[in-house]
Amino acid sequence: MDNFGLGIFTTFLYFFRNILDFKPQCGSFEANPPFCEELMDATITHFERLLEDSLEPLSFIVFLPEWREPAPPALLKLEASRWKRRQLVVPALEHEYRHGFQHTIPK
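Residues numbered from 1 in each chain as written. Predicted model: local features only at pLDDT ≥ 70, side-chain atom pairs only at ≥ 80, totals over all residues. Heavy atoms only, no water.

Student: Describe the nonpolar core, and please don't skip the residues or the numbers.
Tutor: Membership of the largest hydrophobic core is limited to seven residues, which are Ile-19, Ala-31, Phe-47, Leu-50, Leu-51, Leu-58 and Phe-60. Residue assignment for this core shows that the elements contributing at least two residues are helix 2 (37-53) and strand 2 (58-62). Looking at this core element by element, the count peaks at three residues for helix 2. The contacts of Leu-50, once residues within four sequence positions are left out, are Phe-22, Lys-23, Pro-24, Leu-58 and Phe-60. If you look at the next biggest cluster of nonpolar residues, it comprises five residues, including Met-40, Ile-44, Leu-64 and Ala-74. (Core = buried A, V, L, I, M, F, W, Y, C linked by side-chain atoms within 4.5 Å. Buried < 20%, exposed > 50% of the residue type's maximum accessible area, 1.4 Å probe, protein only. Helix = DSSP H or I, 4+ residues; strand = E, 2+ residues; numbered from the N terminus. Contact = heavy atoms within 4.5 Å.)

Set out below in structure tokens:
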């Protein structure tokens, strides 16, 4: 089990370093940060700063869990953002995650 915890930490650290180095000036992007409250909050704070600083068209679609008891600060921050244009909640059991290879044809 010790290696499992190290793997999670390594994944979080990799995501955190990369998301904070991501500084687009324009474009549309999707983010699905690891569901760790600190990483989600850092991601939203970073995106808010990018949107504030950009003079070009810039947008993000952000996927977060619909946790409500209590709601994480990142979700509350996102819902109150002056940059928010739309929020869509997909109820549990009405969606699924795919690995991304379902569209390929085996050789």
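Text resumes after the structure shown.
Student: Can you break down the side chain of Ser-81 residue by residue, with the values?
Tutor: Secondary-structure assignment places Ser-81 in the segment after helix 3 (73-80). Take Ser-81: its relative accessible area is 11%, and that puts it in the buried class. Only 2.4 Å separates the side chain of Ser-81 from the side chain of Glu-48, close enough to count as a polar contact. (Polar contact = N/O pair within 3.5 Å; in protein donor to acceptor, adjacent residues only side chain to side chain.)

Student: Can you tell me about the pairing of strand 1 (residues 27-31), naming the residues and giving the values?
Tutor: Judged from the five bridges that link them, strand 1 and strand 2 form a sheet pairing that is parallel. What sits directly across from Glu-30, in strand 2, is Ile-61. Handedness of the β-α-β unit built from strand 1, helix 2 and strand 2 comes out right-handed. (Pairing = 2+ DSSP bridges. Right-handed = clockwise from strand over helix to strand, strands pointing away.)

Keep in mind these numbers describe shape, not what the thing actually does.
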